[in-house]
Amino acid sequence: MTPRSDETPRRGQQPRRGASAQDQPVADEERGGGFAGIGAARAYTPRGRTVREGDQRTRSPRTGRNVDPLRPSLQVLDGGRPVRERRRDTDDDLPPQRRGKAGAEAPGRPGRDRNDRDEPSRGRGRAGDGRGGRDQAGRGGSGRDQPGRDGSGRGRTGDGRGGRDQASGERQARGDRTAQERGRVPAGRGEPARATRTTAGAGRGRSTADPRRAGSGRTEAGRPGRDRRVAAAPGPRRSVGVRPAAAPPRSGSRRPAPVVPAEPPKLANSTRRLRLGTVLALSLFVMIGVRLVVLQVMDSPDAADTLAEQRQNRLTEVVLPAPRGSILDRSGAVLAHSVEARYIYADPVLVKDPAKTAAQLSPLLGIPQSQLVELMTRKKRPGGGESRFEFLARGVDIAVADRIKQLNLAGIGSRRDERRDVPGADLAANLIGFIGDDHTGLEGIEARYDELLRGVNGEKVYEIGRGDLAKEIPGGYHRETQAAPGSSIQLTIDRFLQFEVQRYLGYYMRKVDATVAGAVVLDVQTGEVLAQASYPPYNAQKPFDFKPAERDDAVSSVISDPGSTHKAFTIGAAMQEGVVDKNSEIVVGPALRLGGEPFVDHHVFPKGTKLSIPQVLAYSSNVGTIRIGQKLGKEKLYEYQQKFGLGRPTNEGMPGEASGRLLAPDEWSGSAYGSVPIGHSVDATLLQMVAGYGAIANDGVYIQPHLIKSTISGRDGTVTPSAPPETHRVLDTQVARDLREMMEAVVDAKGATGTAAKVEGYRVSGKTGTGKMLVDGKYTSHNAGSFIGMAPAEKPRFVIGVFADVPNGTGGEVAAPAFSKMMGDALLRYRVPPSGTKPPTFAWKD
């Protein structure tokens, strides 16, 4: 059972802390002078507490936590053995106001203290001071004490230290102050002391003296001169650590000054620990929450940038190249595609010696060492953080990549890539173009449709460790976006016809020492370009081995005077407008002078000579065509030039196509009336002229020429046909047929300019032309000879144009022979039946 503190009063009002004993209220027991009855007195245990108090301590864990566990033992021991008897206070020991209320007297012997046996007890004790026993069990006089009090409830036996003495005779603790002495037993008094036994009542006493003990000279226990000391109730609690003021002792008192004991430490309490732990845990969570808010909301931009940079330093980004789409011919055969290769990359953070590494890679990759060093040098990325991935080379052969891997260079690696391959080398190279090292189209179809061909690159971002390992951390951050393959493009080109056209073009152009030449084959019914060749050709596998001018597409980008090939447009417009017909005759003379410029015919005719329209075409009469143009008028001529497709690009699909230039009517000078009708002062490409001739071959309907047949999705293979070409009518059907028939004279008539363009078994209709090529806005000294024709003339299937820039020669001499071979091969390949009718006969006037 947990001992009760001696400083806690058993009953009555709690003392006020910090007050002296004189200021404390008097308990009911003190006023009454004892216990309420013998039952209450017997309820005290040898340790000095009641049974009821013990039960209360058991119920309340907070009670008695300041109790010294050794205190009960000290209360029942005195000098090593229990005290059996105590003196009772005699009536003389009581103050005057209390005398007469002590009850019956009992004889006894005067008691003595252990330290001063001869001096009668005096003074009073207080709870907790070690001198007065307990508050509710005050004693006085000699004989056996009961657990009551005298009239004042403050009298004590001996020198005020009865109740507990240590073996050394000195108390560890004393009361707040010394008791006021209310009575003493004079030294040497022989009369036995008389004590009053009181019960614990409210201000009343009851005599319990035993008359048989009177004059016995013994205490109740039968031991002379000794007190029976019973544990007394504690007095009122005093303030801790404060030494209360004590009343001045009476004269002759040898009692030492009271000593204030230190209060023992409080024992630990589980409830208090639980509360403290809860407070600490909540505080920790609050701190974490506040920190999270600060990090996410209130941090400065610098701190956010630091966190972002730290994150970026742990991440590696790898580009997953998208497979580039292929370029196919009209039958699906590959003209250009990508094949498996490797790309070589560097991680600048892991490259230990860029210069040494570059020296080893340069011979294998064919890249200058200085360029490699720059790529492998550590640098910051635009988005923050150090660069961890740099392309060194792409499209590297697998064998070369394996050799680099064997070198085991730090920070250098290779991954699967693609390399652009053109199986035909120079086949349609001027059309296809080429790509750069980064797989971006630079020229030709590759450049024009680069976005469609290259697709969308993927990306792989993952977290890596530090050090030389630099491998992906399993379970770390990983994000991968698959690459979207590019779409393939199917051209209208026939690779077999393309090959033949290139072969004939190269053969004849070398013979005439041409600097630039071109040829194009057009399907009359659809406007599809079946072949488009340039001279000189170049190898698309090694594009940088050739000059830029050699890689141009001469058909769509080279501008020249169309020359006499333009005369068909002038005559066709005049026939459509009713100015002339196929039976009309035009007076020609030796020459014309317009705007100070002379215009003559290469075939000199006497003055006043009349030529038919077929003769004007066959002999390519400048004077006759100028006279027809004058009848037509410049406004109408300009209108029909536009209808035939001049002055604007055809948009066939090639990048950098030239638009040419027309001279507007308000810009005409005096000489323009002579130059424009015969194809001078007009800038046009060969493709534009062939498209205009296609309108004549297609019974007067213009069809926009085009190279793209369809696109094929790289994801699901969906085929999407190209948009229908633009069409419009230029001439009436009969006008177009009459014009084609008259143009046959150019090939069949004796002495005509285009007899070299004949195709065995087929009627051919066409026109020769000789002009000047325009370079950087200036005409060259060379001749731009051309021939544009169609076959079969009665119902044309193809229109072919050939152009060449030569030092000397006319279109009939440098271009017509090549045309003949090309047209014959095209008709044979597509199994066009020979003409079933003979060419028309014209009445010639010499």
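Summarised in this report is the structure supplied together with it. (Residues numbered from 1 in each chain as written. Predicted model: local features only at pLDDT ≥ 70, side-chain atom pairs only at ≥ 80, totals over all residues. Heavy atoms only, no water.)

### Quick word on the pattern of salt bridges
Turning to step 1, where the next piece is worked out: According to the stated counting rule, one finds 25 salt bridges in the structure shown.
Turning to step 2, where the next piece is worked out: Arg324 is paired through a salt bridge with Asp450; the nearest N and O atoms lie 3.0 Å apart. On the criterion of sequence distance, the pair formed by Arg324 in the loop between β1 (315-320) and β2 (327-328) and Asp450 in helix α12 (residues 450-454) is long-range, its members being 126 residues apart. As far as burial versus exposure is concerned, Arg324 and Asp450 are alike and both buried.
Turning to step 3, where the next piece is worked out: In this structure, Arg661 and Glu667 form a salt bridge, with 3.7 Å as the shortest nitrogen-oxygen distance.
Turning to step 4, where the next piece is worked out: Taking relative accessible area as the criterion, Arg661 reaches 43% and is therefore assigned partly exposed. (Salt bridge = Lys/Arg side-chain N within 4 Å of Asp/Glu carboxyl O. Helix = DSSP H or I, 4+ residues; strand = E, 2+ residues; numbered from the N terminus. Buried < 20%, exposed > 50% of the residue type's maximum accessible area, 1.4 Å probe, protein only.)

### Side note on the sheet that holds strand β24 (residues 783-791)
Turning to step 1, where the next piece is worked out: Reading across from one edge, β12-β11-β25-β24-β21 is the order of the five strands in this open sheet, with antiparallel pairing throughout. Each edge of the open sheet is held by one strand with a lone partner, namely β12 (529-535) and β21 (765-771). Strand after strand, the sheet turns through a mean of 5 degrees between neighbouring axes, direction not considered.
Turning to step 2, where the next piece is worked out: By the bridge criterion, six bridges tie strand β11 (residues 516-523) to β12 in an arrangement that is antiparallel. Looking at β12, one finds that Leu522 is bridged to Val529.
Turning to step 3, where the next piece is worked out: Across the sheet, helix α21 (residues 733-743) lies against β21 and β24, angled at about 70 degrees from β21, the strand it touches most. (Pairing = 2+ DSSP bridges. Axes fitted to C-alpha atoms, helices over the stretch in contact; angles between N-to-C directions. Contact = heavy atoms within 4.5 Å.)

### What about the sheet that holds strand β8 (residues 458-463)?
Turning to step 1, where the next piece is worked out: On the basis of which strands lie adjacent, the open sheet formed by three strands has the order β1-β8-β9 and antiparallel pairing. Each having just a single partner strand, β1 and β9 (478-481) make up the two edges of the open sheet. Adjacent strand axes in the sheet meet at a mean angle of 15 degrees, parallel and antiparallel pairs treated alike.
Turning to step 2, where the next piece is worked out: For β1 and β8, the ladder comprises six bridges, and the chain directions are antiparallel. Bridge pairing in β8 links Thr316 to Tyr462.

### Some remarks on helix α13 (residues 495-511)
Since there are 3.6 residues in each turn of an α-helix, residues three or four apart along the chain are aligned in direction.
Turning to step 1, where the next piece is worked out: Taking 1.5 Å per residue as the helical rise, α13 with its 17 residues ought to reach 24 Å, and the 24 Å between its terminal C-alpha atoms agrees with that figure.
Turning to step 2, where the next piece is worked out: Regarding α13, the residues found buried are Leu497, Gln498, Glu500, Val501, Gln502, Tyr504, Leu505, Gly506, Tyr508 and Met509.
Turning to step 3, where the next piece is worked out: Turning to α13, the residues buried within the fold contact α10 (429-432), β11, β12, β25 (798-806), α23 (811-814) and α24 (816-829).
Turning to step 4, where the next piece is worked out: A side-chain oxygen of the first residue of α13 lies 3.1 Å from the backbone nitrogen of Phe496; this N-cap is Asp494.
Turning to step 5, where the next piece is worked out: The positive-phi residue at the C-terminal boundary of α13 is Asp513, with phi of around 60 degrees. (Expected span 1.5 Å × (residues − 1). Polar contact = N/O pair within 3.5 Å; in protein donor to acceptor, adjacent residues only side chain to side chain.)

### Regarding the side chain of Thr768
Turning to step 1, where the next piece is worked out: Mapped onto the elements of the fold, Thr768 is located in strand β21.
Turning to step 2, where the next piece is worked out: A distance of 2.8 Å separates the side chain of Thr768 from the side chain of Thr753, its partner in a polar contact.
Turning to step 3, where the next piece is worked out: Not counting chain neighbours up to four residues away, the residues in contact with Thr768 comprise Ser564, Thr565, Val746, Thr753, Gly754, Ser786, Phe787, Gly811 and Gly812.

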